[in-house]
Every structure is written in structure tokens, then in C-alpha cells.
Amino acid sequence: MAEKKKSYHQGHDIKSLAINLATTLLFFLPFALYYDIKEQQSENVTLYCGVVVGGLLLSLIVPPVGWMRPHVYTDMVGNVPFKFRRD
């Protein structure tokens, strides 16, 4: 009987999703700052930038901790994807 194949990494681990969310927030930041025309614009600028910085910090501390996106075929022990369930 043949061995069970290892499941292919689809990029749906928690670290990849956090990085995707952070870069999406970073992409929309200039549009939010440009189209926000109100009296309280200076308060909103701080809020928008704080949300983006918070998203970037969250993507750094999600396991595996660090700036690198996890990869299945890595030589680094700590850079494997974190999964919620076992296959």
C-alpha cells in the first residue's frame, strides 16, 4: 500500500492570514486618509495609523513568531506553519 501523501500547504495557516490582513490594512490606509474629510481629521489619522500598526504587530507575534511567512519545505525548525487541526 502506498504511503499517504503529505497535504500541500495552501497558505491558510494563522500566520499567513494575519500577514494578509496586515498588508490589506496597509494598502487601504492612504485611501482612508485621503477620503476622510471631516473636522476631526487629525484624530482619525492617528486612529487609522494605529489600526495599521496594530495589525502589523499582530502579524509579527502570531506563531511562528517573527517576520518570515511560514513554509512547509523550510530547513528552519521554527518556521513551519501552525495548524489548528491535524490531518
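Fair warning: this is a prediction, and the values are worked out from it, not measured in the lab. One numbering rule holds for all chains: residues counted from 1, following each sequence as written. Reporting in this predicted model follows two pLDDT cut-offs: at least 70 for local features of residues, and 80 or more for side-chain atom pairs to be given and counted; totals over whole chains, interfaces and linings ignore these cut-offs and use all residues. Remark: hydrogens and water are excluded; side-chain values derive from all non-hydrogen atoms of the structure.

Undergrad: Even after reading the chapter, I still don't get the packing of helix α1 (residues 14-35) against helix α2 (residues 41-61), so can you show me in this structure?
TA: Helix-helix packing: each pair is described by the crossing angle between the helix axes and the interaxial distance. Axis lines are fitted through C-alpha atoms, for helices just across the contact stretch, and the angle between N-to-C directions can take any value from 0 to 180 degrees. Strands are runs of DSSP state E lasting at least 2 residues, helices are runs of H or I lasting at least 4, and numbering of each runs from the N terminus. Where α1 contacts α2, the two axes come as close as 8 Å, and the packing angle between them is 160°. Comparing their axes, α2 and α1 come out roughly antiparallel. Along this stretch, α1 crosses α2, giving a crossing that reads as left-handed. Residues Lys 15, Ala 18, Ile 19, Ala 22, Leu 25, Leu 26, Leu 29, Ala 32 and Leu 33 of α1 form the contact with α2, whose participating residues are Gln 41, Val 45, Tyr 48, Cys 49, Val 51, Val 52, Gly 55, Leu 56, Ser 59 and Leu 60. Charged means Asp, Glu, Lys or Arg here, nonpolar means Ala, Val, Leu, Ile, Met, Phe, Trp, Tyr, Cys or Pro, and polar covers whatever is left, Gly included. Each residue belonging to the contact of α1 with α2 can be placed in one class, and the counts come to 15 nonpolar, three polar and one charged. For this classification, under 35 degrees means roughly parallel, over 145 means roughly antiparallel, 65 to 115 means roughly perpendicular, and everything else is oblique. For any helix crossing, the convention is left-handed if the near helix is rotated counterclockwise from the far helix by under a right angle, and right-handed if that rotation is clockwise. In this analysis, two residues are considered to be in contact whenever any of their non-hydrogen atoms come within 4.5 Å of each other.

Undergrad: Looking at this structure, I do not really get α1. What am I missing?
TA: One fewer than the residue count of a helix, multiplied by 1.5 Å, yields its expected span. Helix length check: α1, at 22 residues, gives a terminal C-alpha distance of 31 Å against a target of 32 Å (1.5 Å per residue), a fit within 8%. Throughout, the bend at a residue refers to the angle made by two axes, fitted to the seven residues ending there and to the seven starting there. Of all the bends in α1, the greatest reaches close to 35° and is centred on Phe 28; the proline Pro 30 follows between one and four positions later.

Undergrad: Even after reading the chapter, I still don't get a nonpolar patch on the surface, so can you show me in this structure?
TA: Residues enter a patch when their relative accessible area is above 30% and they make no salt bridge; the linking distance is 9 Å between like charges and 5 Å between nonpolar side chains (Val, Leu, Ile, Met, Phe, Trp, Tyr). Reported accessibility uses the Shrake-Rupley method at a 1.4 Å probe radius. Residues are deemed covered only where the shown protein chains occlude them. Salt bridge, as used here: a side-chain nitrogen of Lys or Arg that lies within 4 Å of a carboxyl oxygen of Asp or Glu. On the surface, Val 53, Leu 57, Leu 58, Leu 60, Ile 61 and Trp 67 cluster together into a nonpolar patch covering about 660 Å² of accessible area. Considering the arrangement of structural elements, one finds Leu 58 in helix α2. For each residue, the accessible area found with a 1.4 Å probe, counting protein chains only, is set against the maximum for its type, and the residue is called buried under 20%, exposed over 50%, and partly exposed in between. Residue classification places Leu 58 among the partly exposed positions, given a relative accessible area of 43%.

Purely geometric stuff here, so don't read any function into it on its own.
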